[in-house]
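If you want the building blocks of each chain, they are given just below.
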Amino acid sequence: MAGVTFDAATRVYPGSDTPAVADLDLQIEDGEFLVLVGPSGCGKSTSLRMLAGLEAVDDGRILVGDRDVTHVSPKDRDIAMVFQNYALYPHMSVGDNMGFALRISGVGTDEIARRVAEAAKILDLEPYLDRRPKSLSGGQRQRVAMGRAIVRRPRVFLMDEPLSNLDAKLRVQTRTEIAALQRRLGVTTVYVTHDQVEAMTMGDRVAVLKDGVLQQAGTPRELYDRPVNAFVAGFIGSPAMNLLEFGAEDGGVRFGGATVPVERSVLAAHPRLLLGVRPEDLEVGDRGLPVEVDVVEELGADAYVYGHAVLDGGPANVVARVRGRSLPAKGALLRVAPRPGSTHLFAVGDGARLG
Ligand SMILES: Nc1ncnc2c1ncn2[C@@H]1O[C@H](COP(=O)(O)OP(=O)(O)O)[C@@H](O)[C@H]1O
Ligand SMILES: [Mg+2]
């Protein structure tokens, strides 16, 4: 097995003047499960396809282990890819679908049978090996697609939104299965999704892309607790972090009747600031920012209150998590303030983290 290195890897599609992936630097450890996440069109599939050898690398390099594979053909990279549409052959049995790539590369019949049986066992597909794909459920087809990759015993697995054809419940179940399977097999895996919840629950580390540019790579905890910029702050977490723009005042920003302290040097350099606070870090109290309640989303043990406040820059939406059974009504006025030490500060404009 092997790790993967993107070394300033760049892809500019012909006819485009901006790179689909720009200067991507990313090191994926041997055995690691790395998730690439970002909005649609941010360059996730392009990055994965560059690693697979299905897309040219216009600048920079890609390594698998110590080996530079930038100009190596896809079939010689020792990588197996699971696509979004499983592309199973309808006229072949499940077993033949799983063994197909091995047959093409000249592996012996007994060895193919052994590896298919082993993968079928791991994936709970043993009773279905003689069936055609069309008689399987969506979840089972997804597992056949996984099986096809597993039998090849690659050094790296690539998965591009492999769960997007499944319904919501099956998606949650299958993501746990894939994560468990990956840990058991210990094969370095790069997994692409636009769903930040999927990214956060599955990845050892998560890399966030925006407009072809890597924003941050880190553990789910690091991304959640210390996002490097306002984009990552707003993208990771649901409901999203509140990002509220304030004018700097003496000693900090005035959050209604409360003050959030800010370092002097930051205040001096930034007349306006974006203050980030997660919904669970807002507390309801006597002081703080007045928020008029628009919607209350009850979750049982707690609830999310969606409301709006008026800041000096104009109206702003605010989400707060409140606990307990006595919930505010629509139209009620709450005062909320961040728990001390829970806030994030970003620059207005480029959104860079300031503290
Ligand atoms: N074959 C292609 N030719 C030209 N542009 C492409 C091609 N594939 C993708 N793109 C563009 O490159 C950017 C990144 O696409 P993609 O990697 O598919 O994003 P994602 O997988 O994150 O949704 C998008 O702007 C997309 O329109
Ligand atoms: Mg894609």
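Our structure's up above, just so we're on the same page.
Residues numbered from 1 in each chain as written. Chains lettered and ligands numbered in written order. Predicted model: local features only at pLDDT ≥ 70, side-chain atom pairs only at ≥ 80, totals over all residues. Heavy atoms only, no water.

Chemist: Can you tell me about the sheet that holds strand S4 (residues 59-64), naming the residues and giving the values?
Modeler: Hydrogen bonding along the main chain pairs the strands of a sheet, whether they run parallel or antiparallel. As summarised here, the arrangement of the 4 strands in space is S2-S1-S4-S5, forming an open sheet in which the pairing is antiparallel. In this open sheet, the two edge strands, each paired with only one partner strand, are strand S2 (21-28) and strand S5 (67-68). (Pairing = 2+ DSSP bridges. Helix = DSSP H or I, 4+ residues; strand = E, 2+ residues; numbered from the N terminus.)

Chemist: I'd love a proper account of the nonpolar core, names of residues and values included.
Modeler: In terms of nonpolar packing, the biggest core is built from 43 residues, with Met-98, Ile-178, Tyr-191 and Val-208 touching the most fellow members. Residue contacts for Met-98: discarding those within four places in its chain leaves Val-116, Ala-119, Ala-120, Leu-125, Leu-129, Val-144, Gly-147, Arg-148 and Val-151. Of all hydrophobic cores here, the second largest spans 28 residues; its members include Val-4, Ala-9, Leu-36 and Leu-51. (Core = buried A, V, L, I, M, F, W, Y, C linked by side-chain atoms within 4.5 Å. Buried < 20%, exposed > 50% of the residue type's maximum accessible area, 1.4 Å probe, protein only. Contact = heavy atoms within 4.5 Å.)

Chemist: Before we move on, can you summarise the layout of surface pockets with the specific residues and values?
Modeler: Here the largest pocket is characterised by a volume of approximately 750 Å³. Mapped onto the lining of the largest pocket, the elements with two or more residues apiece are strand S6 (79-82), helix H2 (94-104) and helix H4 (138-150). The dominant element in the lining of the largest pocket, judged by the number of residues it contributes, is H2, at 5 residues. Of the residues that constitute the lining of the largest pocket, the class distribution is 18 nonpolar, 2 polar and 5 charged. (1 Å grid on protein atoms, 1.4 Å probe; cavity = no way out; pocket = protein on both sides within 12 Å on 5 of 7 lines; lining within 4 Å. Points joined across faces, edges and corners; volume = space filled by probe spheres on them. Nonpolar A, V, L, I, M, F, W, Y, C, P; charged D, E, K, R; others polar.)

Chemist: Break down the environment of Asp-68 for me, citing the residues and quoting the values.
Modeler: Inspection of the secondary structure puts Asp-68 in strand S5. A sequence separation of 86 residues divides Asp-68 from Pro-154, and the C-alpha atoms of the two residues are 17 Å apart. Setting aside anything within four residues of it in sequence, one finds Asp-68 in contact with Arg-61, Ile-62 and Leu-63.

Chemist: How would you explain unusual backbone geometry if you had to name every residue and give the values?
Modeler: A cis amide bond links Ser-238 to the next residue, Pro-239, at an omega of -5°. Here Pro-239 is to be found in the loop between helix H8 (230-235) and strand S11 (242-247). Even without a glycine there, the phi angle at Ala-8 is positive, about 50°. Within the fold, Ala-8 resides in strand S1 (residues 4-11).

Shape descriptors only; they carry no functional weight alone.
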